[in-house]
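# Report on the structure
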Amino acid sequence: MACLRCTCPTFRARYKRLVNNIYPADPSEGLIKNNMEKLLFYALSHHQKLDRIAKYMYQRLCRDLYRNRTRYACITVAAMDRLLMACHAPSLNLFIGSFLKMIEKLLESQDVELQVLGTNSFVTFSNIEEDTASYHRKYDFFISKFSSMCWNNGDDEEIRNKKRLAGVRGLQGVVRKTVSDDLQVDIWDSVHMNKIIPSLLFIVQDHLSDSYLERADEQFSLPIGEDSNPGKLAEFCLRELLARTNYANVKAVLTPLLIHLDNCELWLPNTFAIQCFKLVLCSVQSQYSYIAIEVLLNHLNDITELNPKIKTSLLEALGEAIVIAAGGAIGSSIFEVFNTLLFHLKSSVSIFSNQYRRKDLQSFPPEDEKKFQEAIINVVGAFGATLPAYQKIEVMTFITCKIPIVHNQHDDDSTAGGSNEHFLQSKFLQCLVKISEGLKTSNLASVFPRSLLEPLLKLSRSPDSGVRLKVQKVFHRLLDRHENLPRLAPSRILLPKSEWDLNVKKCSHQDLMFMKRAGVDLFNNIFDSFQDKDNKVDNIFALYRTSALILIEVNSSDIIIEFIRIAMTLQNFATRSDEVISANCVAAIHAIVVAIFHLIAHLQLLQALEKVIAQTILLRQEEAKYLLPMKVFITQSQNRSDGNSYSVNHKYLVDINGVIEALNIDGFDTEKIISNDMMDYKPITGGTSTLSIDTEYIPAVIDDGGSPIVSKRRHVNELITFSKMKSAILDIGDKSHNNNSVTIEKFKSLTIDDIIHKANERVNTS
């Protein structure tokens, strides 16, 4: 009977007859639509037959493919697609099993058209939302096959693009089908991601001219009609995959991306790598962007032994990516990020120094190491730019604590590479300069915590003049809260009052208290730094800018007095013949003395002092231009010869007696200036280790209209001593003891109205 059913169509099962009826005698006519409608109706009416229908159609497909009847195979695929779209029964899972087998058979074919046909059917299937979950379904074959199609590199461009496009669409379908369903195969597994990510990147790279990577920092959607371009579709698929990542699987996507860049040597040049990282950070959710940064830093740790050029390219890509990641780039492990970067900087400095000491150890050119160090510093600055002010200060403190302190200059470090410690100090200080860019705070106490100020002051006494110069640049960034640093250029130091454009604000009480605590250390440090024997002209000019910024930011009477005393003592120091300093530095110090007095006269609106300094400036312009800032800091900065000798006539110096007399005329208290030694500067401490600040003094400022707001100076005529305070307290105690019993009796006898009346009388009489 079974044999009879096979040979006679009349005895076949009804579903087989319905399936057979959809095939025309001539395959070119295509699917018979009326018979297809009958098959659909039967399938919808008899759900239990779906699996048998699918198996029978799969058998017909295999037979047609074996006999090379491609058109009949296409009819079978079209019928399966119709059934798939129409049926949503609980038994659909059994139908899908045969459906996926059919697609596998098509993809295994050598015919490109059949592979594309199978891919289209799979994409149709991936867009269907199933009612019931499938625990046994696997997509390993499809991931492998679609990935291999992406790598097709045939000679025929048309066939190559067809296969690549089909591969990308297939991978997109797999991702859409599995990424949102936890019960499906784990698409984020490294086995799958190691196939998907490199395949997509390969197509994007090969079709870079057709890609939108140059707009990686913009929101992107695939334009209509562009789904036929493999490069654009691959990029869109990659963006879609990255957008679906969460905290647990960001690393699963980035790790194969980095491996692909390593294996294909795409770091040099790094244009494609930079665009890839921009794409990643624009696509992932913003709260997970810091994970991408951590992965990049960990990869930097893994390639420590590679060519510095490769590491430099990675850091350049990281720096570009941070700009997009913005505030979310650091995450919670701020110090870990900076610690990693500083570790690589320190290692590079050590390698760089050893290359100069032992030429036989050079494995890579020293210039490559220098570029790597600069890249690290730029990345540190990029990270710092994303931090708020208080975290910038914490990071700067963290970096400062890692800077080695060198107390003595090593004689054996005079080679081209220089001292390892000094070089490391210089690089770490460059990091501080980068981080401090744009730092704005309301008071100096928050900018200079003790844990930051003390190490900076120690570093400013380094035996290396280059290190000292960078420390002053750090001070400039931290002190300049009102954008005055560009206005302190050499050509603008001695501008007349009419052209004076410094931005001077009223000093806050918090800043005065800060100077009370830290003033002695700052002033001693500045004065000692001016006297360093190996100073260059740049060092002296940097010290002037630090002094000027302190005067502008903390415009207090005691601060003015300290800098007047510093200027007077420096002039005496520069005129001593027994001091061994270069002629250029002598001229620079004399120029700085004039500049400090000129600045003080403008800040305090001291007209008499301004006239005295103007006479000195005029005399130097006529007879001794080499003692003016314009000549010293511009002309001599271009010609570094320190062999010049200058004869400094005393008539070109600032007249100290004339300055004191002018200060008295302007009503400035000069007692503290006269009573202290002008040959040896020591800050006025008032009997304690901190600077005494007159908090009653309100500095003169310039209002918005340009007119001066002059406040009165209060001079304390009588000092409060311990004995006076003690006697006053005892006197008050005796009076209160005698009047205590009388007051109690009054409150017992008087009414509330009488008490209020007496209180009003006391107020009126006072």
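Residues numbered from 1 in each chain as written. Predicted model: local features only at pLDDT ≥ 70, side-chain atom pairs only at ≥ 80, totals over all residues. Heavy atoms only, no water.

Residues Asp155, Asp156, Glu157 and Glu158 make up a contiguous surface patch of negative charge. Structurally, Glu158 is set in helix H9 (residues 157–178). (Patch = residues over 30% accessible without salt bridge, like charges linked within 9 Å, V, L, I, M, F, W, Y side chains within 5 Å. Areas by Shrake-Rupley, 256 points an atom, 1.4 Å probe, with all protein chains shown as cover. Salt bridge = Lys/Arg side-chain N within 4 Å of Asp/Glu carboxyl O. Lys, Arg positive; Asp, Glu negative; His and termini not counted. Charge placed at Lys NZ, Arg CZ, Asp CG, Glu CD. Helix = DSSP H or I, 4+ residues; strand = E, 2+ residues; numbered from the N terminus.)

What follows covers the packing of aromatic side chains. Within this structure, the stated rule accounts for 20 aromatic pairs. Relative to Tyr56, the ring of Tyr15 has its centre 6.5 Å away and its plane inclined at 85 degrees; by these criteria the two rings are edge-to-face. Taken together, the residues span a long stretch of sequence, with Tyr15 in helix H2 (residues 14–21) and Tyr56 in helix H4 (residues 50–66) at a distance of 41 residues. Residues Tyr15 and Tyr56 agree in their burial class; the two are buried. Taking the centre distance of 6.3 Å and the plane angle of 50 degrees together, the rings of Tyr139 and Phe142 count as tilted. Taken individually, Tyr139 and Phe142 each receive the classification buried, so the pair is uniform in this respect. (Phe/Tyr/Trp six-rings, centres within 6.5 Å; stacked < 30°, edge-to-face > 60°. Buried < 20%, exposed > 50% of the residue type's maximum accessible area, 1.4 Å probe, protein only.)

Relative to the helices and strands, Asp81 is located in helix H5 (residues 70–86). In this structure, Asp81 is buried with no salt-bridge partner, the nearest side chain bearing the opposite charge being Arg82 at 9.2 Å. Non-local contacts of Asp81, meaning those with residues more than four positions away in its chain, are made with Phe99 and Ser121. (Contact = heavy atoms within 4.5 Å.)

All right, on to the environment of Gln172 then. Structurally, the position occupied by Gln172 is in helix H9. In this structure Gln172 comes out as buried when scored by relative accessible area, which is 10%. Setting aside anything within four residues of it in sequence, one finds Gln172 in contact with Leu233, Phe236, Cys237 and Glu240. A distance of 3.1 Å separates a polar atom in the side chain of Gln172 from a polar atom in the side chain of Glu240. (Polar contact = N/O pair within 3.5 Å; in protein donor to acceptor, adjacent residues only side chain to side chain.)

Residue placement: Glu320 occurs in helix H15 (residues 308–325). Along the primary structure Glu320 and Phe277 are separated by 43 residues, whereas in three dimensions their C-alpha atoms are 8.1 Å apart. Apart from the residues lying within four places of it in its own chain, the contact partners of Glu320 are Ile274 and Lys278.

On to empty space enclosed by the protein, then. Scanning the model with the defined rule gives 6 cavities of 30 Å³ or more in all. There is about 90 Å³ of room inside the largest cavity. Around the largest cavity, the lining comprises 13 residues; the ones closest to its centre are Arg492, Ile493, Trp500, Leu502 and Leu599. A per-element tally of the lining of the largest cavity places helix H26 (residues 583–604) first, with 4 residues. Among the residues making up the lining of the largest cavity, the classes are represented as 8 nonpolar, 2 polar and 3 charged. (1 Å grid on protein atoms, 1.4 Å probe; cavity = no way out; pocket = protein on both sides within 12 Å on 5 of 7 lines; lining within 4 Å. Points joined across faces, edges and corners; volume = space filled by probe spheres on them. Nonpolar A, V, L, I, M, F, W, Y, C, P; charged D, E, K, R; others polar.)

Ranked by size, the top nonpolar core spans 224 residues in total, and within it Phe277, Tyr544, Phe563, Phe597 and Leu609 carry the most contacts. Broken down by element, this core gets its largest block of residues, 16 residues, from H26. (Core = buried A, V, L, I, M, F, W, Y, C linked by side-chain atoms within 4.5 Å.)

For the bond from Leu268 to Pro269, the omega torsion is -5 degrees, close enough to zero to count as cis. Inspection of the secondary structure puts Pro269 in the loop between helix H12 (250–263) and helix H13 (271–283). For Glu265, which is not a glycine, the phi torsion comes out positive at approximately 55 degrees. Positioned with a positive phi, Leu605 is a non-glycine residue whose angle comes to about 55 degrees. With respect to the element layout, Leu605 can be found in the loop between H26 and helix H27 (607–623).

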